[in-house]
Amino acid sequence: MHPSIDGDLFLQVFVTIIVIMDPLGSTPVFLSLTAGYTARERRAAALQAVGLAAAVILAFALFGEGLLRVLGISLPSLQVAGGLLLVLVALELLNPRADAGLLDATDRRNVALVPLGTPLLAGPGAIATTMVYMRQADGAWDGVTVVLGLLGALVVVYAALRFAGVLTRALRENGVHVLSRIVGLLLAAIAVQLVAEGIQEWVRHGVR
């Protein structure tokens with residue numbers, strides 16, 4: 001069979017990473033952190049944040065396998081841990097704190113790197129999930145598919161941050177809150193699925 005990109009795997013990675021990063025829910029935080037920025041500085045901040053997130057997640061996706069082998073961590077253990085982390089993220093989306101992610105707008109540090117790039121975008125949920133997909137990859141082409149799915153999701157995240165002002169004005173505050181809660185529910189379902197699959201592997205093959 002001629003090697004090719006797995007469309008189903010690409011779509012699964014693409015959608016999962018978008019749900020985890022929640023670009024619509026991140027736009028109000030992004031706008032608050034860059035409140036004192038010019039339009040050009042805000043565009044640069046969006047690019048830097050997404051670039052850092054891509055570098056961090058790809059580093060774990062490519063080299064995390066060796067680290068897990070050294071630590072003796074199995075795939076089911078990673079799946080369960082990743083699922084539990086996603087549950088925490090989902091709960092935060094479903095019941096956000098009023099002051100979550102807000103910084104003083106007069107603080108001129110490069111917020112594009114911290115906290116935007118990491119941990120807002122490249123958080124433990126996105127890192128763990130990408131590592132799980134890479135460990136499940138059957139051959140080099142599946143690995144390429146996972147990377148392409150991740151990069152495609154990051155393009156969407158960048159577009160959301162790049163046009164954050166437009167999206168927020170169009171959806172208004174209530175619309176953003178509603179969408180964030182819907183995303184939280186979807187993320188909780190993905191988390192439960194990861195945990196269930198990990199436990200199923202434990203039942204079949206034992207805890208290794």
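Rules of the game
- Residues numbered from 1 in each chain as written.
- Predicted model: local features only at pLDDT ≥ 70, side-chain atom pairs only at ≥ 80, totals over all residues.
- Heavy atoms only, no water.
- Helix = DSSP H or I, 4+ residues; strand = E, 2+ residues; numbered from the N terminus.
- Rg over C-alpha atoms; globule rule 2.2 N^0.38 Å.
- Buried < 20%, exposed > 50% of the residue type's maximum accessible area, 1.4 Å probe, protein only.
- Contact = heavy atoms within 4.5 Å.
- Lys, Arg positive; Asp, Glu negative; His and termini not counted.
- Charge placed at Lys NZ, Arg CZ, Asp CG, Glu CD.
- Phe/Tyr/Trp six-rings, centres within 6.5 Å; stacked < 30°, edge-to-face > 60°.
- Lys NZ or Arg CZ within 6 Å of the ring centre and 35° of its normal.
- Patch = residues over 30% accessible without salt bridge, like charges linked within 9 Å, V, L, I, M, F, W, Y side chains within 5 Å.
- Areas by Shrake-Rupley, 256 points an atom, 1.4 Å probe, with all protein chains shown as cover.
- Salt bridge = Lys/Arg side-chain N within 4 Å of Asp/Glu carboxyl O.
- Axes fitted to C-alpha atoms, helices over the stretch in contact; angles between N-to-C directions.
- Parallel < 35°, antiparallel > 145°, perpendicular 65-115°, else oblique.
- Left-handed = near helix turned anticlockwise from the far one by under 90°.
- Nonpolar A, V, L, I, M, F, W, Y, C, P; charged D, E, K, R; others polar.

### Quick word on the overall build of the protein chain
Here comes step 1: Secondary structure assignment for the protein chain yields 8 helices and 0 strands.
Here comes step 2: For the protein chain, the N- to C-terminal ordering of α and β elements is α-α-α-α-α-α-α-α.
Here comes step 3: Taken over C-alpha atoms, the radius of gyration comes to 18 Å for the protein chain, in line with the 17 Å a tight globule of 208 residues would show.
Here comes step 4: Each principal axis of the C-alpha atoms in the protein chain carries an extent, and together these give about 55 × 35 × 30 Å.
Here comes step 5: Residues counted as buried form 38% of the 208 residues belonging to the protein chain.
Here comes step 6: For the protein chain, contacts bridging at least 24 residues in sequence account for 90% of all contacts bridging at least 6.
Here comes step 7: Distance between charge centres in the protein chain, computed from 14 positive and 14 negative side chains, equals 8 Å.

### Digging into the packing of aromatic side chains
Here comes step 1: Applying the stated criterion across every chain yields a total of 1 aromatic pair.
Here comes step 2: Ring geometry for Phe10 against Phe14: centres 5.9 Å apart, planes inclined by 10°, an arrangement best described as stacked. Highlighted residues: Phe10 and Phe14, both in helix H1 (residues 7–21), separated by 4 residues, approximately one helical turn.
Here comes step 3: Looking at Arg162, its charged tip hangs above the ring of Phe163, at a distance of 4.7 Å from the centre.

### Quick word on a nonpolar patch on the surface
Here comes step 1: On the surface, Ile5, Trp141, Val144, Leu148 and Leu151 cluster together into a nonpolar patch covering about 390 Å² of accessible area.
Here comes step 2: Locating Ile5 in the fold gives a position in the segment before H1.
Here comes step 3: Here Ile5 falls in the partly exposed class, since its relative accessible area comes to 36%.

### A closer look at the pattern of salt bridges
Here comes step 1: Enumeration according to the criterion identifies 1 salt bridge in this entry.
Here comes step 2: Across the pair Glu201 and Arg204 runs a salt bridge, and its minimum N-O distance is 3.6 Å. Linking Glu201 with Arg204, this pair stays in helix H8 (residues 164–205), spanning 3 residues, or about one helical turn.
Here comes step 3: By relative accessible area, Glu201 is classed as partly exposed at 24%.

### Points about the environment of Arg69
Here comes step 1: Counting through the fold element by element, Arg69 comes out in helix H3 (residues 39–71).
Here comes step 2: With relative accessibility at 59%, the residue Arg69 sits in the exposed group.
Here comes step 3: Taking C-alpha positions, Arg69 is 19 Å from Ala140, a pair spaced 71 residues apart along the chain.

### Here's the deal with the environment of Leu88
Here comes step 1: Relative to the assigned elements, Leu88 resides in helix H4 (residues 75–94).
Here comes step 2: Remark: the alpha-carbon pair of Leu88 and Arg43, spanning 45 residues in sequence, is separated by 30 Å.

### What to know about the packing of H3 against helix H5 (residues 112–121)
Here comes step 1: Contact geometry of H3 with H5 gives a least axis separation of 8 Å together with a crossing angle of 45°. Between H3 and H5, the crossing angle belongs to the class labelled oblique. Read as a crossing pair, H3 and H5 show a hand that is right-handed. Contact residues: H3 offers Ala45, Gln48, Ala49, Val50, Leu52 and Ala53, while H5 offers Ala112, Leu113, Leu116, Gly117, Thr118 and Leu121.
Here comes step 2: When grouped by side-chain class, the residues that make up the contact of H3 with H5 number 9 nonpolar, 3 polar and no charged.

It is worth stressing that arrangement in space is one thing and function is another; only the former is reported here.
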